[in-house]
Amino acid sequence: KCFSKAVSISKKAVYYFNLGNAYFYNGWCDEAQKAYAKAIYYEPNNLDYRYSLAYLYFKNNEFDKSKKEVEAILSVSKGYMGAQILCALLYNQNKEYSKAKLLLEKFLETNNENEFLLISLAKTYSYLQMYSKSEQLLDKLIKKSPENSDYLSEITEIYIAEKEYDKALSVVEGIIKLNKN
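Residues numbered from 1 in each chain as written. Predicted model: local features only at pLDDT ≥ 70, side-chain atom pairs only at ≥ 80, totals over all residues. Heavy atoms only, no water.

**Comments concerning helix α2 (residues 13–25)**
And step 1. Helix length check: α2, at 13 residues, gives a terminal C-alpha distance of 18 Å against a target of 18 Å (1.5 Å per residue), a fit within 8%.
And step 2. Buried within α2 we find A13, Y16, F17, L19, G20, N21, Y23 and F24. (Helix = DSSP H or I, 4+ residues; strand = E, 2+ residues; numbered from the N terminus. Expected span 1.5 Å × (residues − 1). Buried < 20%, exposed > 50% of the residue type's maximum accessible area, 1.4 Å probe, protein only.)

**Structural notes on the nonpolar core**
Within soluble globular proteins, side chains that are nonpolar generally end up buried alongside one another.
And step 1. Core analysis: the largest hydrophobic core is formed by 39 residues, its most contacted members being V70, L86 and L138.
And step 2. Considering every element that reaches this core, the biggest residue donor is helix α6 (residues 81–93), with 8 residues.
And step 3. Each residue touching V70, except ones within four places of it in the same chain, is listed here: A54, A83, L86, C87 and L90. (Core = buried A, V, L, I, M, F, W, Y, C linked by side-chain atoms within 4.5 Å. Contact = heavy atoms within 4.5 Å.)

**As for the packing of helix α4 (residues 47–59) against α6**
And step 1. In the contact formed by α4 and α6, the axes pass within 10 Å of each other and the chain directions differ by 20°. Judged on the interaxial angle alone, α6 and α4 are roughly parallel. Viewed along their axes, α4 and α6 form a crossing whose handedness is left-handed. Contacts between α4 and α6 involve Y51, A54, Y55 and F58 on the former and, on the latter, G82, A83, L86, L89, L90 and Q93. (Axes fitted to C-alpha atoms, helices over the stretch in contact; angles between N-to-C directions. Parallel < 35°, antiparallel > 145°, perpendicular 65-115°, else oblique. Left-handed = near helix turned anticlockwise from the far one by under 90°.)

**Digging into the layout of surface pockets**
And step 1. There is about 450 Å³ of room inside the largest pocket.
And step 2. Taken together, 18 residues make up the lining of the largest pocket; nearest its centre are F58, K59, F116, I119 and K123.
And step 3. Among the elements of the structure, α4, α6, α8 (115–127) and α10 (149–161) are those that each provide at least two residues to the lining of the largest pocket.
And step 4. In terms of residues, the lining of the largest pocket owes the most to one element, α8, which gives 5 residues. (1 Å grid on protein atoms, 1.4 Å probe; cavity = no way out; pocket = protein on both sides within 12 Å on 5 of 7 lines; lining within 4 Å. Points joined across faces, edges and corners; volume = space filled by probe spheres on them.)

Here it is as structure tokens:
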């Protein structure tokens, strides 16, 4: 409500961007898309606004729209890491796992604490059946965020793929305990 009121008073792009974020985190993707588009309208050169729209499209399985936004960002700033990660995820969607791996590993040396990069690379390694590398990254993520069910679910899939069913069961039991609390 506060962002909506601020937007009605001022046409500043940042208000639309923040409104878009609020909508996105509440699962109101159509509203988020409109708010991000307005933010971009008022500040077309703001790559963060464009990245948020690209990410929203990706999460909504609108891969062509996401790709268009990613390409727009990278045409201005080749080093924009979020757009590069989304580009790699788009490669994964097209089953171009080796391309995704190369792109993500390029950033790992200088950004080895970025959780989005780490989980994206872990999933890519998993697609390539490089389970030990995937497991190493997931272990690092789980140490940072031991209650993150996405990370725990991902490592469970690795254990199952490696036929380490006892480990998988242990993680699943841990997830169940977390969800009870």
